[in-house]
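Structural overview
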Amino acid sequence: MAVEVLATDRDGTAHKLEAERGRPLMEVLREANLGVEGTCGGACACGTCHVYVGAAWAERLLAKSEDEQMMLDAIAELVEVRPASRLSCQIPVSEELSGIEVEIGPVP
Ligand code: FES
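Residues numbered from 1 in each chain as written. Predicted model: local features only at pLDDT ≥ 70, side-chain atom pairs only at ≥ 80, totals over all residues. Heavy atoms only, no water.

1. Quick word on the environment of Leu 72
Test applied: Here a strand is any run of E in DSSP of at least two residues, a helix any run of H or I of at least four, and the numbering for each starts at the N terminus. Should any heavy atoms of two residues lie within 4.5 Å, those residues are counted as being in contact.
With respect to the helices, strands and loops of the structure, Leu 72 is situated in helix α3 (residues 66–75). Put simply, Leu 72 and Gly 47 are 25 residues apart on the chain and 7.0 Å apart in space, counted from C-alpha to C-alpha. Sequence-distant contacts of Leu 72, that is, excluding residues within four places in its chain, are made with His 50, Lys 64, Val 81, Ser 85, Arg 86 and Leu 87.

Here is the structure:
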């Protein structure tokens, strides 16, 4: 069963997406052509999958790994990283995330 994802692009337009469970959120956003490149293919090494997660959802996600935090710290030199910033390649789509709201973040 697909999981609903509400994604706001960088122009402020909201998109309702259907995501397959178990896939990285980055791939879902990339396929929807919302400006997410995912250049490193999900290896936590490029920062081009940066998103701001909706406040209600941030604490429901798995905690950031050390690698994810290091990449976020690295891109923070160039773009605005907020407490709600995550790398969408590190967010597996799951049933519990149905209805998750994300905003496509700025990328380096
Ligand atoms: S796709 Fe490169 S860090 Fe997420």
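So, next bit.
2. Details of the environment of Ser 88
The criterion, for reference: For each residue, the accessible area found with a 1.4 Å probe, counting protein chains only, is set against the maximum for its type, and the residue is called buried under 20%, exposed over 50%, and partly exposed in between. Polar contacts, as used here, are pairs of N or O atoms within 3.5 Å; protein pairs need one atom able to donate a hydrogen and one able to accept it. Residues neighboring in sequence count only if both atoms are side-chain atoms.
As for its position among the elements, Ser 88 is in the loop between β4 (85–87) and β5 (100–104). Exposure remark for Ser 88: the relative accessible area of 0% places this residue in the buried category. On a C-alpha basis, the gap between Ser 88 and Thr 48 in space is 9.0 Å, while along the polypeptide they are 40 residues apart. Beyond its immediate stretch of four places on either side in the chain, Ser 88 contacts Pro 24, Leu 25, Met 26, Leu 29, Cys 49 and Val 51. At 2.8 Å, the side chain of Ser 88 and the backbone oxygen of Cys 49 are in polar contact.

3. Focus: the packing of aromatic side chains
Our working rule: Centre distance within 6.5 Å is the pairing criterion for rings of Phe, Tyr and Trp, where only the six-membered ring of Trp is used; planes under 30 degrees apart are then read as stacked, over 60 as edge-to-face, and the remainder as tilted. Criterion for a charge above a ring: Lys NZ or Arg CZ within 6 Å of the ring centre, and within 35 degrees of the ring normal.
Summed over the entire model, instances satisfying the criterion amount to zero aromatic pairs. We note Arg 60 situated over the ring of Trp 57; from NZ or CZ to the ring centre the distance is 4.1 Å. Residue placement shows Arg 82 over the ring face of Tyr 52; its charged tip is 3.7 Å from the ring centre.

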